[in-house]
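# Examination of the molecular architecture
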Amino acid sequence: MHKITNSERNRVVSILDDSIERIMLLSYVPERAHEAVLAELEPGPYDVFSRHWELEAKGEAAALQESAREVCRCLRDSPRTFAVLQRYGAHDRSESKAFVDALLDLKEVVGRRLGETVQHQRRQEEDLSRARMKSQQAAETKAAVEAEQSRARRRFEED
């Protein structure tokens with residue numbers, strides 16, 4: 001696996017955070033049109049949710065993706081709309097809450113593992129640098145010892 005930088009690691013974790021937030025928001029949206037929810041929504045969110053449920057009933061996957069983004073934007077921008085969905089969807093969230101919790105755990109593990117990868121690469125580079133330096137010092141020491149031996153041999157032979 002290629003090593004990544006801290007900024008790349010942070011970007012991956014940020015993307016996971018955003019995805020988890022969107023999933024959490026969407027977990028409050030009922031699967032089918034809910035008249036009591038629609039009755040309490042303001043006109044803007046009303047149109048967004050009506051269109052979303054209509055697309056969901058038709059099964060139009062591509063349009064449904066864009067609609068899900070609009071629903072997320074609507075829920076982020078309108079605390080009142082989110083409060084309405086929380087009130088009506090509180091009892092149906094046990095499975096989605098478990099899923100979001102699992103994704104949060106996954107994000108922690110991925111973030112830690114990616115961080116370890118970067119730290120591991122730094123440690124390897126530092127160890128390699130130390131090993132090269134020691135090898136160079138050993139080569140210099142060896143050359144000095146050999147030179148000294150050579151001089152000692154010449155002196156011995158001269159005597």
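Report follows, based on the coordinates. (Residues numbered from 1 in each chain as written. Predicted model: local features only at pLDDT ≥ 70, side-chain atom pairs only at ≥ 80, totals over all residues. Heavy atoms only, no water.)

### Side note on the nonpolar core
Quick note on the threshold: What is meant by a nonpolar core is a set of buried Ala, Val, Leu, Ile, Met, Phe, Trp, Tyr and Cys residues, joined one to another through side-chain atoms within 4.5 Å. We call a residue buried when its accessible area falls under 20% of the maximum for its residue type, exposed when it is over 50%, and partly exposed in between, using a 1.4 Å probe and counting protein chains only. Helix and strand assignments come from DSSP, with helices taken as H or I runs of at least 4 residues and strands as E runs of at least 2, each series counted from the N terminus. The contact definition used throughout considers only heavy atoms, calling two residues in contact when any of these lie within 4.5 Å.
With 16 residues, the main nonpolar core has Val29, Phe49, Leu75 and Leu85 as its most contacted residues. Counting residues per element, the ones that place at least two in this core are helix H2 (35-40), helix H3 (43-58), helix H4 (61-77) and helix H5 (79-89). Looking at which element gives the most residues to this core, the answer is H4, with four residues. Setting aside residues no more than four positions away along its own chain, Phe49 makes contact with Val29, Leu38, Leu41, Val71, Cys74, Leu75, Thr81 and Leu85.

### Some words on the packing of aromatic side chains
Here is the rule: Aromatic rings from Phe, Tyr and Trp, with only the six-membered ring used for Trp, were paired whenever their centres fell within 6.5 Å, and each pair was classed as stacked if the ring planes differed by under 30 degrees, edge-to-face if by over 60, and tilted otherwise.
This model, assessed by the stated rule, comprises two aromatic pairs. A ring pair is formed by Tyr28 and Phe82, whose centres lie 4.9 Å apart and whose planes are at 75°; its orientation type is edge-to-face. On the criterion of sequence distance, the pair formed by Tyr28 in the loop between helix H1 (6-26) and H2 and Phe82 in helix H5 is long-range, its members being 54 residues apart. Pair check on accessibility: Tyr28 and Phe82 agree, each one buried. Each ring, one from Phe49 and one from Trp53, has its centre 5.7 Å from the other, and the planes form 50°; the classification is tilted. Pair noted here: Phe49 and Trp53 are both in helix H3, with a separation of four residues, about one helical turn. The pair Phe49 / Trp53 is uniform in exposure class, with both members buried.

### Considerations on H5
Stated formally: It is the directions from the helix axis to the C-beta atoms that the arc portrays.
Listed in full, the buried residues belonging to H5 are Thr81, Phe82, Val84, Leu85 and Gly89. Seen from one end, H5 has its buried residues packed into an arc of 155°, which puts them on one side. Exposed and facing more than 90 degrees away from the buried side of H5 are Pro79 and Arg87.

### Digging into the pattern of salt bridges
Pairing between side chains of opposite charge can happen when their charged atoms approach one another. This is how the line gets drawn: A carboxyl oxygen of Asp or Glu within 4 Å of a side-chain nitrogen of Lys or Arg is what we treat as a salt bridge.
Applying the stated criterion to the full structure yields 15 salt bridges. Residues Lys107 and Glu108 are paired through a salt bridge, measuring 3.6 Å at the closest nitrogen-oxygen approach. Residue Arg130 is joined to Glu126 by a salt bridge in which the shortest nitrogen-to-oxygen separation is 3.9 Å. In this pair, Arg130 and Glu126 both sit in helix H6 (residues 94-158), four residues apart, roughly one turn of the helix.

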